[in-house]
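# Tertiary structure, described
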Amino acid sequence: QVQLVESGGGLVQPGGSLRLSCAASGDFLNIKRLGWYRQAPGKQRELVAVFNDGDTTDYADAVKGRFTISRDTHETKVYLQMSSLKPEDTAIYYCNGWIAPVGMTVKTYWGQGTQVTVSS
């Protein structure tokens, strides 16, 4: 059973920083894509930042220059360093991965989500 588990959300004041973590676990052969999405109340889920297959990264325009995605050497953990946070960054942040379980084709997996609230 492949799982993505996030941690690191919380309440922070505007201008503050938070670091989110996501770890992939289970029996899988490789991870094609691993990154972060977010969903604010009343809005659709949107891409925040992602490592693509081939090691390129993509960022949403709204977070460029403020958020940085990184990963560990085994490429099974991904992090999102969020700086200069704004109230509009408030959302549930979800880890997303395109992962190939052993003996299966690539599937999309989602973490359970972690709440980030930016408020004074």
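Read on for an overview of the structure. (Residues numbered from 1 in each chain as written. Predicted model: local features only at pLDDT ≥ 70, side-chain atom pairs only at ≥ 80, totals over all residues. Heavy atoms only, no water.)

## Comments concerning the overall build of the protein chain
Looking only at helices and strands, the protein chain has zero helices and 11 strands in total. A compact globule built from 120 residues would reach a C-alpha radius of gyration of about 14 Å, and the protein chain, at 14 Å, matches this within 12%. Buried positions account for 42% of the 120 residues belonging to the protein chain. Counting contacts in the protein chain only where the partners sit at least 6 residues apart, residues at least 24 apart contribute 55% of the total. Summing over all exposed atoms, the protein chain offers an accessible surface of approximately 6,400 Å²; the carbon and sulfur share of this is 48%. For the protein chain, the distance from the average position of its 12 positive side-chain charges to the average position of its 11 negative side-chain charges is 3 Å. (Helix = DSSP H or I, 4+ residues; strand = E, 2+ residues; numbered from the N terminus. Rg over C-alpha atoms; globule rule 2.2 N^0.38 Å. Buried < 20%, exposed > 50% of the residue type's maximum accessible area, 1.4 Å probe, protein only. Contact = heavy atoms within 4.5 Å. Areas by Shrake-Rupley, 256 points an atom, 1.4 Å probe, with all protein chains shown as cover. Lys, Arg positive; Asp, Glu negative; His and termini not counted. Charge placed at Lys NZ, Arg CZ, Asp CG, Glu CD.)

## What to know about the state of the cysteines
The bond known as a disulfide is covalent and runs between the sulfur atoms of two cysteines. Evaluation of the coordinates by the stated rule reveals one disulfide. Sulfur-sulfur distance for the disulfide between Cys-22 and Cys-95 comes to 2.0 Å. Where Cys-22 bonds to Cys-95 through sulfur, the torsion about that S-S bond is close to -80°, and the disulfide is left-handed. Here Cys-22 is found in strand β3 (residues 18–25), whereas its partner Cys-95 is found in strand β9 (residues 91–101), with 73 residues between them in sequence. The exposure classification of Cys-22 matches that of Cys-95, with both residues buried. (Disulfide = S-S within 2.5 Å.)

## Describing the pairing of strand β11 (residues 114–118)
Only one face of β11 is covered, namely the one carrying Thr-114, Val-116 and Val-118; the face carrying Gln-115 and Thr-117 has none of its residues buried. With three bridges joining them, strand β2 (residues 10–12) and β11 adopt parallel strand pairing. Each bridged residue has a counterpart across the sheet, and for Gly-10 the counterpart in β11 is Val-116. (Pairing = 2+ DSSP bridges.)

## Observations regarding the side chain of Asn-96
Turning to its location among the elements, Asn-96 is positioned in strand β9. A distance of 3.4 Å separates a polar side-chain atom of Asn-96 from the backbone oxygen of Tyr-109. In this structure, Asn-96 is in contact with Leu-4, Arg-33, Leu-34, Gly-35, Tyr-37, Thr-108, Tyr-109 and Trp-110, ignoring residues within four places of it in sequence. (Polar contact = N/O pair within 3.5 Å; in protein donor to acceptor, adjacent residues only side chain to side chain.)

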